Amino acid sequence: MNGSLLPSASLTLQEVHLVRCLTHISHRYFSSGRYLVISSPAIYRDVQQELIAEIHRTAIWPVVVTVDGNISKPEKTDFIDGDGSYIILTPDGNFKSFEAEVYGLVFGQRKFTRIWNSETRFVVAGANEYTKSQQTDIFEYLSIYRIYNCIIVSQERYVIDKEYSRPINGNDIDTSMKLVVYTWFPYQSSDRCTEVNDITLLDSWVISAQGHFTKNTDLFPRKIKKSLNGCPMKAVVRNCRSYFTTLYINHTYPNGSVVRYIKGLEVNLLRVVLQQMNMTFFHVPTPEGSEIEHASFNNLLRPMVEKKVYIALGDVGTRLFSIIESTNSYYFNSIRWYFPCSVKYPRWSSIFRILSVELWIVLIISIVIAAISTTLVGRYSCTSELQRYKSLSSSLTKVWAVILGVSVSTMPRTPSLRSLFLSWVCFSVAFTTVFQAFLTTFLIDSGYKIPIQNMDELFTSGIRLAYPQDFNYVFKIGDETEALKVHSNRVNCSFTDICLPWAKHEKNVSVLMPDVMAEISYATGDIIGENSEPLLCGLEDGAVIITGQSMVMFHGDPLLRRVTEIIDQVVEAGLYNYWKSLRLNWLKIYSRKIAIVHPLDGYHSFNLYHMQPAFYLLLMGSCLSAFCFMMELLFNGLLTKITWRLSWVWLYIIVLFLTLVTQNYFTYYSPLIHFTAHSQWISRAYKA
């Protein structure tokens, strides 16, 4: 609207100066570019229009007009924000009229928007006198919405308050007619916190000439100090039954009396906040229906509106309502997929993991080439060489005996064959040294299989997925494709009784749980193995939702900024995570299941359990040797000598390979057992 198009009106001298006073306050204290809401009853429309005309001459603010609580543009209700300013005109301080105007701003056209915050500035003005009871009622009504940056501009009251018949402090007031500005200050002492007990005179506007303030004091001073003089902080603490959030403890004394304590990291954080603010903790029982089991805050709204509760904590998350606002988060908790950690390789598979497939092939080819080369050199280099080095089968057994570290019955005679034999001995020594070193390492610690790296591998692994019913909402708001994959692989089982044991021991289920729950389970030893290794591991990209722990307060509460500031300082200093780590370390010590110190140069146990594969291989070799001996006795007359010899070569290679593995065990860890005797027994059986 344009002020020049408004109809002119005849105003009294007090009303003219009231307009000038409000215009002066608007230019000095209201933020430019923000909404300015001017509300008035219909009987005060002339003053409202004149004030709008004065303000529009400078065009600093967009103006929203309300009359009797009815907004001029009902569809535009976004003006109720934290940065706007408000002028509420009430000619004679009638509280009912004032209440109707404020009610129309908040609930106008049945559209409920955000409540004002503590930075919003309110001016309640009228050209007539306000009694002290009227001023008290107005300040108390605004304090319900936590509005403390408010002043009342009215005509000066002379000497005696008509209702209370009590002298008014008027030392700084002129005897001439003037408008006076009153306000009140909360948290002045422990018995004067948020109740309006005393009203303070700030300044006075002289009704003469153009008018002016007598003292030019700050009409909107800072009212919330850093020290709040021991005023109570009324807090609702939900019982989360966890020390990492909140915990109720009942202690029974010998005389039979029971005292209930509230503990937990969130309570510790609140006590630090209150200590810095110089406030006292005042516990308010949790309203029925707002407990952790119900996960609802609906029954908490009314106590906050009625100022029976200032703050609520106890795993409240970061939930936001129209009249509830949360502090900054001080701890973030991810809900992610935990899969069975990689398992160890079986000890028997360590033999095949020493060399890759390519190296095994190279070794076999090397043995064959060495045997053929020995045969050729023995046949054609010199006729004086022994007959045992001129046949392929005999040369193959000699080459295999060297690589096993077993002495041959006769040494070669010619220099050329001796040179070739020496080269093969050097190769065999190098190979067996490396083989024995790796075999010993793998037998002590066989190592772990490659674990699952990401969610794609988890889905393709075929492992079943399990999660509690409480997490159903996560997949309703998440990615539909991932939700379909989860539901297709989901297994129905009791989470704590069946799913977790399956995941820990059977290694066939992946579970969804919060990180803090996994950390607590690890600290208490519920998901660790015999060597303090974790049984369940979390996927880096397996987080399906991240939640933050915070406290909630009434929207616009002037204490919210200070509480958030202290919480941020505690978190930035690392104190909250330090408290959490102390608790986890205490759980580790109390559980007595986790080795606190893991020396890097510590010894590994080596006992008969590690020797089991050696005894199994020894038994297999003995049985195979006896079987070969019996078969040779039974079928010696039926098979030709050449065919049997070729079959025996392959059986003999298998026996000697088993001999090699067993020999490594007994050579390194059981010197009293002479494995050479076993090799000689095999040779004698073959000769027989």
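What you see is a predicted model, and the numbers here were worked out from it, not measured in a lab. (Residues numbered from 1 in each chain as written. Predicted model: local features only at pLDDT ≥ 70, side-chain atom pairs only at ≥ 80, totals over all residues. Heavy atoms only, no water.)

Asks: Can you tell me about the overall build of the protein, naming the residues and giving the values?
Replies: Scanning the protein from terminus to terminus reveals 20 helices and 20 strands. Within the protein, the fraction of its 688 residues that count as buried is 46%. Counted over contacts in the protein with a minimum sequence separation of 6, partners at least 24 positions apart contribute 74%. Surface exposure of the protein reaches about 36000 Å², of which carbon and sulfur atoms provide 57%. (Helix = DSSP H or I, 4+ residues; strand = E, 2+ residues; numbered from the N terminus. Buried < 20%, exposed > 50% of the residue type's maximum accessible area, 1.4 Å probe, protein only. Contact = heavy atoms within 4.5 Å. Areas by Shrake-Rupley, 256 points an atom, 1.4 Å probe, with all protein chains shown as cover.)

Asks: Summarise the sheet that holds strand E13 (residues 280–284); cite the residues concerned and give the values.
Replies: Reading across the sheet, the 5 strands line up as E13-E10-E14-E20-E15 and stay open at both edges, with mixed pairing between neighbours. On the outer flanks of this sheet lie E13 and strand E15 (324–326), each paired with one strand and no other. Adjacent strand axes in the sheet meet at a mean angle of 35°, parallel and antiparallel pairs treated alike. (Pairing = 2+ DSSP bridges. Axes fitted to C-alpha atoms, helices over the stretch in contact; angles between N-to-C directions.)

Asks: Can you explain the pattern of salt bridges? Please cite residues and give values.
Replies: All told, the structure shown has 8 salt bridges when counted by the stated rule. A salt bridge links Asp557 to Arg146; its shortest N-O distance comes to 3.7 Å. One end of the pair, Asp557, is in the loop between strand E20 (552–554) and helix H16 (559–572); the other, Arg146, is in the loop between helix H4 (132–144) and strand E6 (150–155), with 411 residues separating them in the sequence. Across this residue pair, the class does not change: Asp557 and Arg146 are buried. Between Asp515 and Arg336 there is a salt bridge; the shortest N-O distance is 3.0 Å. Here Asp515, found in helix H15 (residues 515–523), pairs with Arg336, found in strand E16 (residues 331–340); they are 179 residues apart in sequence, far enough to count as distant. Beyond isolated ion pairs, a larger network of salt bridges with shared partners links Arg302, Glu306 and Lys308. (Salt bridge = Lys/Arg side-chain N within 4 Å of Asp/Glu carboxyl O.)

Asks: Would you mind going over the state of the cysteines in detail, with residue names and values included?
Replies: Tallied over the entire structure, the rule returns 2 disulfides. Sulfur-sulfur distance for the disulfide between Cys193 and Cys231 comes to 2.2 Å. The S-S bond linking Cys193 to Cys231 shows a torsion near -100°; that makes this disulfide left-handed. Within this pair, whereas Cys193 is found in the loop between strand E7 (178–183) and strand E8 (200–206), its partner Cys231 is found in the loop between strand E9 (212–213) and strand E10 (232–237), the two being separated by 38 residues in sequence. For the residue pair Cys193 and Cys231, the accessibility class agrees, reading buried in each case. Between Cys341 and Cys537 runs a disulfide, and the two sulfur atoms are separated by 1.8 Å. The sign of the 110° torsion about the S-S bond sets the Cys341-Cys537 disulfide as right-handed. Within this pair, whereas Cys341 is found in the loop between E16 and helix H7 (350–353), its partner Cys537 is found in strand E19 (residues 536–549), the two being separated by 196 residues in sequence. Assessed through its relative accessible area of 23%, Cys537 is described here as partly exposed. (Disulfide = S-S within 2.5 Å.)

Asks: Outline the packing of helix H8 (residues 357–380) against helix H9 (residues 392–404), listing residues and values.
Replies: As a packed pair, H8 and H9 sit with axes 8 Å apart at the nearest point and diverge in direction by 125°. In terms of orientation, H8 lies oblique with respect to H9. Here the hand of the crossing between H8 and H9 comes out right-handed. The residues of H9 that touch H8, namely those facing Leu363, Ile367, Ala370, Ala371, Ile372, Thr374, Thr375 and Arg379, are Leu392, Ser395, Leu396, Val399, Trp400 and Ile403. Looking at side-chain class alone, the contact of H8 with H9 contains 10 nonpolar, 3 polar and 1 charged residues. (Parallel < 35°, antiparallel > 145°, perpendicular 65-115°, else oblique. Left-handed = near helix turned anticlockwise from the far one by under 90°. Nonpolar A, V, L, I, M, F, W, Y, C, P; charged D, E, K, R; others polar.)

Asks: Outline the pairing of E7, listing residues and values.
Replies: For E7, the buried fraction is high: 6 of the 6 residues fall into the buried class. Residues Lys178, Val180 and Tyr182 of E7 are buried on one face, and the alternating residues Leu179, Val181 and Thr183, pointing to the opposite face, are buried as well. Note: E6 against E7, 4 bridges, orientation antiparallel. Considered in E7, the bridge of Ile152 is made with Tyr182. Pairing of E7 with E8 involves 6 bridges; the strand directions are antiparallel.

Asks: An account of the sheet that holds E19 is requested, with residue identities and associated values reported.
Replies: A sheet is described by the order of its strands in space; here 4 strands give the open sequence E17-E18-E16-E19, paired in mixed fashion. Looking at strand neighbours, the two that pair on one side only are strand E17 (464–466) and E19, the edges of this open sheet. Strand-to-strand twist across the sheet, computed as the mean angle between neighbouring axes with direction ignored, equals 20°. As judged from the 9 bridges shared by E16 and E19, these two strands associate in the antiparallel manner. In the strand pairing of E19, Phe339 is matched with Cys537. Its contacts with the sheet put helix H13 (residues 480–489) on E16, E17 and E19, and the angle it makes with E17 is roughly 105°.

Asks: Now, about the nonpolar core: what can you tell me, with residues and values included?
Replies: Counting 64 residues, the largest nonpolar core has Trp116 and Leu559 as the members making the most contacts within it. With 7 residues, the top contributor of residues to this core is helix H5 (residues 265–277). Of all hydrophobic cores here, the second largest spans 32 residues; its members include Leu22, Leu36, Tyr44 and Val153. (Core = buried A, V, L, I, M, F, W, Y, C linked by side-chain atoms within 4.5 Å.)

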